[in-house]
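# Examination of the molecular architecture
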Amino acid sequence: MRQTVFNTQDETKAVVSEAVKAPRWDLSDLYQNFEDSNLKHDLEACLAHSKKFQEQYQGKVAMLSARSFLALIQEYEQIEELSGKISAFSHLAFAANTNDPKIGRQVQNIREKMTEISRNLLFFSLETIAVEDKKFEEWSSDSSLESWKFFLEGIRKFKPYQLSAEAELALMETSLSGRAAWVRFFDETMAELTLTLNGEEISLTEALSRTTDQKQTVRKEASEAVGNLLKEKSSLFTRIMNNLLQAKGAEDRLRGYETPQSSRHLANRVSGEVVDALDAAVQEKQSLLSHRYYRLKAKWLGQDYLDYWDRNAPVSQEDTKRFTWEEAVEIVCAAYTEFDPKMGKYARRFFDNAWIDAKAVPGKSGGAFAHPVTPAVHPYILTNFQGKARDVSTLAHEVGHGIHQLLAGETQGYLKASTPLPLAETASVFGEMLTFKYLLKQAKTKEERRILIIGKVEDMLNTVVRQMAFYRFEKAIHEERQKGEIPAERFGELWREIQHESLGDAIKLEGNYAYFWSYVPHFIHAPFYVYAYAFGDCLVNALFSLYQNQPEGFVSKYMALLSAGGSKDYRDLLATFDFNPEDPSFWQHGLEEIQKLINQLEKDDV
């Protein structure tokens, strides 16, 4: 096993140069490019198959026997999987180069074709929902459909909120010129944003990276420049968000959802009460977590309080160490292999093949994600690697998603592989924890260990406390939008108010911090997704505690959890670990693990 090499502060400049040599992915496992004849063939074949499928089965679903319905599902999965492959290529190609207008046009053309295919398939879900309960029970009791019962129940859960076929078609047809168009506009705008620092024009991603620089002057300059840019674009981002909020509110009212977050909860198969219990637990613990930690951090930095650009500031020279791409790869693979050799082999596949786009370049989507693509191909990962410790953690996070997607795809197939949100962040956050524990064992000095713990605490606070604050911000703006269009100033007021409550008095959120809500992509792409991160972190804390205290048999149960994908209820899967997330005390246990780390830092500080 390769020994981890920590770079000193003097080496930082050279290592940053190495870090940007991170790889780009190769999408040829999907298609060579948008002109690929195979892409054109698959588009035509998928469209033709969807039309034939519609002609064969529309209006007849309720009359099918269980065996015939199984044949229908299997054919439906074939069409969806090919459609998914085409859509994945389009999405990934765009993410790697969002400001190329030619790619933008090609992506839009594919989206329009996908909408046509979805229109042909829409009857499947509508008629499955409309099937009488007695008939559905007859299907469910048949052994041939046993493995599909949970998937089908997930479709039927939307029955109370289903519109007429005509209304559903209208919503589908108008989505490309409505919500999807605003999302695309946001993505293209964000990718094009640049700003000037010290005479150098840089991307927003690079500017945000500089907000965690060792030097306070650099952090302040970068943070204020980002704030100024977001303020300059505030009318645009405010318009985008207002339109998306209005569109979602209108559809929610048509469908009869009680709250703006109800549809997310239903899709995730988690009750609002469970999420409310998580949120209440986080708010109850804030004073012992984020409030207390940031007071400690201000003390470490020799300040009475932290400005918002100090929140993620390094606390010592040790905290500025950089990693080359090669070092990051070895760390992540070693961490997964130490947990389970099989999992290590899965991790290694992403690096041995061109499945990762890690280089931070202009025009590329910011942040990071893992796209499952289809089981017949493999997932792809996008990150913006710049050599910081957080970039290593992000890499471990996305590889965790990728492993989860590989295991679920191999075991469950295309339709049943998709993991409901309550467990969607489990493998990713668990991967971060494995990497943290691995680095902790590799640390040679007390100060190295302290810095690693500080980094982990900050990641946990960002994952739990801050993401739940994001969730409350989303609830607030959706509620506010019901009164009318929201001005930029009101967005800022709500953002600053909720962030202040979550982070505490030790951080001053002044100036143009009020505009920082506008670069968070989750608010645009996936409303109310953010609580998944807090759910996952608290769950992983409980899982890792169990693993450390009762390691025997844990790995096999954990791998089974990941392999299950979306084939079972998350409560049933967690019951194998004797966990009950519907018990409010469960969340307290997860939060106490964060509290213990802060206690340790506080004790060492005395």
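Given the structure is predicted, the values throughout are model-derived calculations rather than measurements. (Residues numbered from 1 in each chain as written. Predicted model: local features only at pLDDT ≥ 70, side-chain atom pairs only at ≥ 80, totals over all residues. Heavy atoms only, no water.)

With 30 residues, helix α4 (residues 101–130) extends 43 Å between its outermost C-alpha atoms, agreeing within 8% with the 44 Å of an ideal straight helix rising 1.5 Å per residue. Maximum bend of α4: about 40 degrees, positioned at Asn 120. Among the residues of α4, the N-terminal cap falls to Asp 100, whose side-chain oxygen and the backbone nitrogen of Lys 102 are separated by 2.9 Å. (Helix = DSSP H or I, 4+ residues; strand = E, 2+ residues; numbered from the N terminus. Expected span 1.5 Å × (residues − 1). Bend = angle between axes of the 7 residues up to and from the residue. Polar contact = N/O pair within 3.5 Å; in protein donor to acceptor, adjacent residues only side chain to side chain.)

What follows deals with the domain arrangement of the protein. Domain boundaries assigned for the protein yield domain 1 (37–158) and domain 2 (176–320 + 458–605). Summarising the inter-unit geometry, the C-alpha centres of domain 1 and domain 2 are found 33 Å apart. Each partner contributes residues to the interface: domain 1 has 16 residues there, and domain 2 has 14 residues. Summed over both sides, the interface between domain 1 and domain 2 buries roughly 1300 Å², with carbon and sulfur atoms accounting for 61% of that surface. On the domain 1 side of the contact with domain 2, Phe 150, Lys 157 and Phe 158 bury the most area, a combined 43% of that side's loss. Linking domain 1 with domain 2 are zero salt bridges, by the criterion used here. Between domain 1 and domain 2 we count three residue pairs in polar contact (both at pLDDT 80 or more) in total. Mapped by element, the contributors of at least two residues to the side of domain 1 that touches domain 2 are α4 and α6 (149–156). Considering every element that reaches the side of domain 1 that touches domain 2, the biggest residue donor is α4, with six residues. Of the residues contributing to the side of domain 1 that touches domain 2, the split by class is five nonpolar, six polar and five charged. (Domains from an automatic or database assignment. Contact = heavy atoms within 4.5 Å. Buried area = accessible area lost by both parts, 1.4 Å probe. Salt bridge = Lys/Arg side-chain N within 4 Å of Asp/Glu carboxyl O. Nonpolar A, V, L, I, M, F, W, Y, C, P; charged D, E, K, R; others polar.)

Its place among the elements puts Tyr 257 in the loop between α11 (234–255) and α12 (262–268). Judged by its relative accessible area of 12%, Tyr 257 is buried. Note: C-alpha distance between Tyr 257 and Lys 159 (98 residues apart in sequence) is 12 Å. (Buried < 20%, exposed > 50% of the residue type's maximum accessible area, 1.4 Å probe, protein only.)

Turning to unusual backbone geometry, a few remarks are in order. Of note in this structure, Arg 269 is not a glycine but carries a positive phi near 55 degrees. Locating Arg 269 in the fold gives a position in the loop between α12 and α13 (272–285).

With that out of the way, let us pick up the sheet that holds strand β4 (residues 356–359). The three strands are arranged β4-β6-β5 in an open sheet whose pairing can be described as mixed. Since the sheet does not close on itself, it has two edges, and those belong to β4 and β5 (369–371), each with one partner. The mean inter-strand angle of the sheet, taken between neighbouring strand axes irrespective of direction, is 10 degrees. (Pairing = 2+ DSSP bridges. Axes fitted to C-alpha atoms, helices over the stretch in contact; angles between N-to-C directions.)

Attention shifts here to the layout of surface pockets. Unfilled space is identified by rolling a water-sized probe across the atoms. Counted as a void, the second largest pocket has a volume near 310 Å³. Every residue along the wall of the second largest pocket is listed here: Tyr 161, Tyr 257, Glu 258, Thr 259, Gln 261, Ser 262, His 265, Leu 266, Val 270, Gly 272, Glu 273 and Asp 276. Secondary structure elements with two or more residues in the lining of the second largest pocket: α12 and α13. Taken together, the residues of the lining of the second largest pocket sort by class into four nonpolar, five polar and three charged. (1 Å grid on protein atoms, 1.4 Å probe; cavity = no way out; pocket = protein on both sides within 12 Å on 5 of 7 lines; lining within 4 Å. Points joined across faces, edges and corners; volume = space filled by probe spheres on them.)

In this section: helix α14 (residues 290–300). Judged by how many residues are buried, α14 sits mostly within the fold: nine of eleven residues are covered. Turning to α14, the residues buried within the fold contact β3 (306–307), α20 (446–481), α21 (488–503), β7 (507–508) and α26 (584–605). Positive backbone phi, at 70 degrees, marks Gly 302, one or two positions downstream of α14.

Moving on, we get to the environment of Arg 390. Residue placement: Arg 390 occurs in helix α17 (residues 389–417). Of the residues examined, Arg 390 reaches a relative accessible area of 29% and is grouped as partly exposed. For the pair Arg 390 and Thr 426, spaced 36 residues apart in sequence, the C-alpha to C-alpha distance is 18 Å. In contact with Arg 390, not counting residues within four places along its chain, are Asn 312, Glu 458, Asp 459 and Asn 462.

The next point concerns the side chain of Gln 106. By secondary structure assignment, the location of Gln 106 is in helix α4. Gln 106 sits in the buried class, given a relative accessible area of 15%. With near-sequence residues (within four places) excluded, Gln 106 lies in contact with Phe 34 and Glu 35.

It is worth spelling out the packing of aromatic side chains at this point. If you walk through the whole model with that rule in mind, you get 50 aromatic pairs. Between Phe 339 and Phe 430, the ring centres sit 5.3 Å apart and the planes meet at 65 degrees, which makes this aromatic pair edge-to-face. Placement of Phe 339 in helix α15 (residues 325–339) and of Phe 430 in helix α19 (residues 426–442) is noted, with a sequence separation of 91 residues between them. Overall, the relative accessible area of 7% leaves Phe 339 in the buried class. Relative accessible area serves as the criterion here: at 0%, Phe 430 is assigned to the buried category. An aromatic cluster of at least three residues, connected via ring pairs, comprises Phe 339, Phe 430, Phe 535, Phe 544, Tyr 547, Phe 554, Tyr 558, Tyr 570, Phe 577, Phe 579, Phe 586 and Trp 587. Over the ring of Phe 136 we find Arg 156, and its NZ or CZ is 4.3 Å from the ring centre. (Phe/Tyr/Trp six-rings, centres within 6.5 Å; stacked < 30°, edge-to-face > 60°. Lys NZ or Arg CZ within 6 Å of the ring centre and 35° of its normal.)

Attention shifts here to the pattern of salt bridges. Under the criterion given, the structure shown has 30 salt bridges. When the shortest N-O distance is used, the salt bridge between Lys 321 and Glu 448 registers 3.3 Å. Remark: Glu 448 occurs in helix α20 and Lys 321 occurs in the loop between β3 and α15; sequence separation between them is 127 residues. Here the two residues Lys 321 and Glu 448 agree in accessibility, since each one is buried. Across the pair Arg 349 and Glu 410 runs a salt bridge, and its minimum N-O distance is 3.8 Å. With Arg 349 in helix α16 (residues 341–352) and Glu 410 in helix α17, this residue pair connects regions lying 61 residues apart in the sequence. Here the residues in one salt-bridge network are Lys 297, Arg 390, Glu 458 and Asp 459, joined through shared partners.

So, about the confidence of the model for the protein. Parts of the prediction with low pLDDT should not have their coordinates interpreted in detail. Averaged over every residue, the pLDDT of the protein is 92; the share at 70 or more is 96%. Predicted confidence for residues 1–19 stays below pLDDT 50, and this span has 40 contacts to residues more than four positions away or in other chains. (pLDDT = per-residue confidence, 0-100.)

Before going further, it helps to examine the nonpolar core. Burial of nonpolar side chains together is a common tendency in soluble globular proteins. Core analysis: the biggest nonpolar cluster contains 200 residues, and Phe 69 and Tyr 558 have the highest contact counts within it. Per element, the largest residue contribution to this core is 16 residues, and it comes from α20. Mapped onto the domain boundaries, this core takes at least three residues apiece from domain 1 (37–158) and domain 2 (176–320 + 458–605). When near neighbours in sequence (up to four residues on either side) are disregarded, Phe 69 contacts Val 61, Leu 64, Phe 124, Thr 128, Trp 139, Leu 145 and Leu 152. (Core = buried A, V, L, I, M, F, W, Y, C linked by side-chain atoms within 4.5 Å.)

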